[in-house]
Amino acid sequence: PQPNPQVGAAVKAADRAHVFHSWSAQELIDPLAVAGAEGSYFWDYDGNRYLDFTSGLVYTNIGYQHPKVVAAIQEQAATMTTFAPAFAVEARSEAARLIAERTPGELDKIFFTNAGADAVEHALRMARLHTGRPKVLAAYRSYHGGTEQAINVTGDPRRWANDSASAGVVHFWAPFLYRSRFYAETEEQECARALEHLETTIRFEGPSTVAAIILETVPGTAGIMLPPAGYLAGVRGLCDKYGIVFVLDEVMAGFGRTGKWFAADLYDVTPDLMTFAKGVNSGYVPLGGVAISPAIAETFAKRPYPGGLTYSGHPLACAAAVATIRVMEEEGIVDHAARLGAQVVAPALRELAERHPSVGEVRGVGMFWALELVRDRETREPLVPYAAAGAANAPMAAFGAAAKANGLWPFINMNRTHVVPALNITEGELKEGLAALDRALEAADEHVA
Ligand code: PLP
């Protein structure tokens, strides 16, 4: 693509004048003007091209501008761009069928939303109405979305400013051996103690007051902590014992990210409700949803479900989902992610961890990896403090700048960088990105104590 700095400057000027950005102090940000994107790359108006190790916000699982999905959107737009949610529409029916075919167990009814946060809102509303109980238990190390309930069940610091509506939300510690809250030294100890902590929390909150436990199957933004063997089965057992609805949030982990259709498949666990969004159609058109168990669907068989959206099951978004799922099947994208994760990413990141003193831990699966950056490997002191901003965050900012200077767009959250590229990235592109990451980590190494 030809550089066009003048157009870039106009795009940037209008953005700065009129676009109010998410999660940001508006005058302290400097958004890059993006001219285009294809596959695993995007480029600006000045002729710089970046390999995207973020998949946008971990959602373009099939990369940018997949021609078959773009064509399906064009075709749907030409025939039925939109239609109200109360009607049966081909794209909506087919998307629901294809999703239900892939969700674990008997999660066979699909309620469509516009994105992930409202999927979480509706899952929790269903759980409260189904049980008649008020409370929801959620993990501190979590992110569930930016709307009222979703941000309150979220554990990360973005919750703090929104805590006014947190009535009915209780946070607990899920397992995370590297930063164990339970003085555990093995995954087995961490698992057993985290389950004991959760059961005690349930008992002291009063089991008859707890509607739902919500967990990301594999927490994403909070750090890609794979739950130890037996943890999710243990939570399933506690939910059954106390009549609590088990909600798994697969908004980020779902649709192939872990090398399985859903992360729940890695653990052979079936929740009562499962939220999804992002990878369902790679975000080409906004779409999310809740997959619902037969027992909860039954609650709303004769009694109306008090919730809905104008765009629930929007035909354009659903057509994109149908095409995305078919493309993922045809091109073997889920298996590709599993294979490259195990054969390329895992050994490469372990090798980087040996050479770079700033890397405290490497963890992940499929195309879902985190590097925990530390000042000191022994004490595990994070490279920047929890929720650091401004000067305190300088080491991570330096790492980010070094990655971009090497043509790599990195995912950064607190003291971590995540390797979360498109699932259909080629082996060559992946190796190019890992080499750039290697060079960028030198900037982080400079801040090791
Ligand atoms: N749940 C999880 C696990 C997520 O990672 C996200 C977004 O990153 C959400 C929910 C919220 O989704 P959305 O931003 O589409 O509302």
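Residues numbered from 1 in each chain as written. Predicted model: local features only at pLDDT ≥ 70, side-chain atom pairs only at ≥ 80, totals over all residues.

## Brief notes about the site of the ligand
Neighbouring the ligand are 16 residues, the closest being A115, G116, A117, G145 and V251. For the shell around the ligand, a count of residues per class yields eight nonpolar, six polar and two charged. (Near = placed C-beta within 6 Å. Nonpolar A, V, L, I, M, F, W, Y, C, P; charged D, E, K, R; others polar.)

## Some thoughts on the environment of E427
Mapped onto the secondary structure, E427 falls in helix α14 (residues 427–445). Note: C-alpha distance between E427 and T60 (367 residues apart in sequence) is 17 Å. Sequence-distant contacts of E427, defined by excluding residues within four places in its chain, comprise L340 and V344. (Helix = DSSP H or I, 4+ residues; strand = E, 2+ residues; numbered from the N terminus. Contact = placed C-beta atoms within 7 Å.)

## A short note on the packing of helix α4 (residues 90–102) against helix α11 (residues 315–330)
Between α4 and α11, the least distance of the axes is 8 Å, while the angle of their chain directions is 40°. With respect to each other, α4 and α11 are oriented oblique. Judged by the sense of rotation from one axis to the other, the crossing of α4 with α11 is left-handed. Residues A91, R92, E94, A95 and L98 of α4 touch α11, and the partners they reach there are P315, C318, A319, A321, V322 and I325. Per-class residue counts for the contact of α4 with α11 are nine nonpolar, no polar and two charged. (Axes fitted to C-alpha atoms, helices over the stretch in contact; angles between N-to-C directions. Parallel < 35°, antiparallel > 145°, perpendicular 65-115°, else oblique. Left-handed = near helix turned anticlockwise from the far one by under 90°.)

## Observations concerning the sheet that holds strand β7 (residues 210–216)
Reading across from one edge, β4-β10-β9-β8-β7-β5-β6 is the order of the seven strands in this open sheet, with mixed pairing throughout. Edge positions in the sheet fall to β4 (109–113) and β6 (169–172), since each has one partner strand and no second. On average, each strand axis in the sheet is tilted by 20° relative to the strand beside it, whichever way the strands run. Two strands pair when backbone bridges link them, and strand β5 (residues 135–139) and β7 are joined in this way by four bridges, in the parallel orientation. (Pairing = 2+ DSSP bridges.)

## Examining the nonpolar core
Counting 131 residues, the largest nonpolar core has A212, I213, V247, L273 and A320 as its most contacted members. By residue number, the principal contributor to this core is α11, which donates ten residues. Sequence-distant contacts of A212, defined by excluding residues within four places in its chain, comprise L124, A127, V136, I244, V245 and V247. (Core = buried A, V, L, I, M, F, W, Y, C linked by C-beta atoms within 7 Å. Buried ≥ 20, exposed ≤ 12 C-beta atoms within 10 Å, placed from the backbone.)

## Points about the confidence of the model for the chain
With 99% of its residues at a pLDDT of 70 or more, the chain has an overall mean of 97. Two numbers describe this predicted complex: its pTM, 0.97, and its ipTM, 0.99. (pLDDT = per-residue confidence, 0-100.)

## What about the packing of helix α7 (residues 187–205) against helix α8 (residues 231–242)?
At a minimum axis distance of 10 Å, the contact between α7 and α8 shows a crossing angle of 20°. In terms of their interaxial angle, α7 and α8 are classed as roughly parallel. Two packed elements cross with a definite hand, and for α7 against α8 that hand is right-handed. Seen from α7, the contacting residues are C191, A194, L195, L198, E199 and I202; seen from α8, they are Y231, G234, V235, L238 and Y242. Split by residue class, the contact of α7 with α8 holds nine nonpolar, one polar and one charged.

## Focus: the sheet that holds strand β3 (residues 49–52)
What the four strands build is an open sheet, ordered β1-β2-β3-β14; its pairing is mixed. Because the sheet does not close on itself, it has two edges, and the strands there are β1 (34–38) and β14 (408–409). The pairing of β3 with β14 spans two bridges and is parallel. Counterpart to D52 in the pairing with β14 is W409.

## What about the environment of L434?
Within the fold, L434 resides in helix α14. Exposure remark for L434: the 19 C-beta atoms within 10 Å place this residue in the partly exposed category. Spatially, the C-alpha atoms of L434 and K302 are 54 Å apart, while their sequence positions differ by 132 residues.

## A word on the domain arrangement of the chain
Here the chain is described as being made up of domain 1 (5–65 + 332–445) and domain 2 (67–330). Between the C-alpha centres of domain 1 and domain 2 there is a distance of 25 Å. Each partner contributes residues to the interface: domain 1 has 29 residues there, and domain 2 has 30 residues. When contributions to the side of domain 1 that touches domain 2 are tallied by element, the ones reaching two or more residues are α2 (55–58), α12 (333–355), β11 (359–365), β12 (368–376) and β16 (416–419). Of all the elements, α12 adds the most residues to the side of domain 1 that touches domain 2, at five residues. (Domains from an automatic or database assignment.)

## Remarks on the pairing of β5
Counted residue by residue, β5 has five buried out of five residues, so it is predominantly covered. Side chains of β5 alternate between two faces, with K135, L137 and A139 and V136 and A138 buried alike. Two strands pair when backbone bridges link them, and β5 and β6 are joined in this way by four bridges, in the parallel orientation. For L137, the partnering residue across the bridge sits in β6 and is V170.

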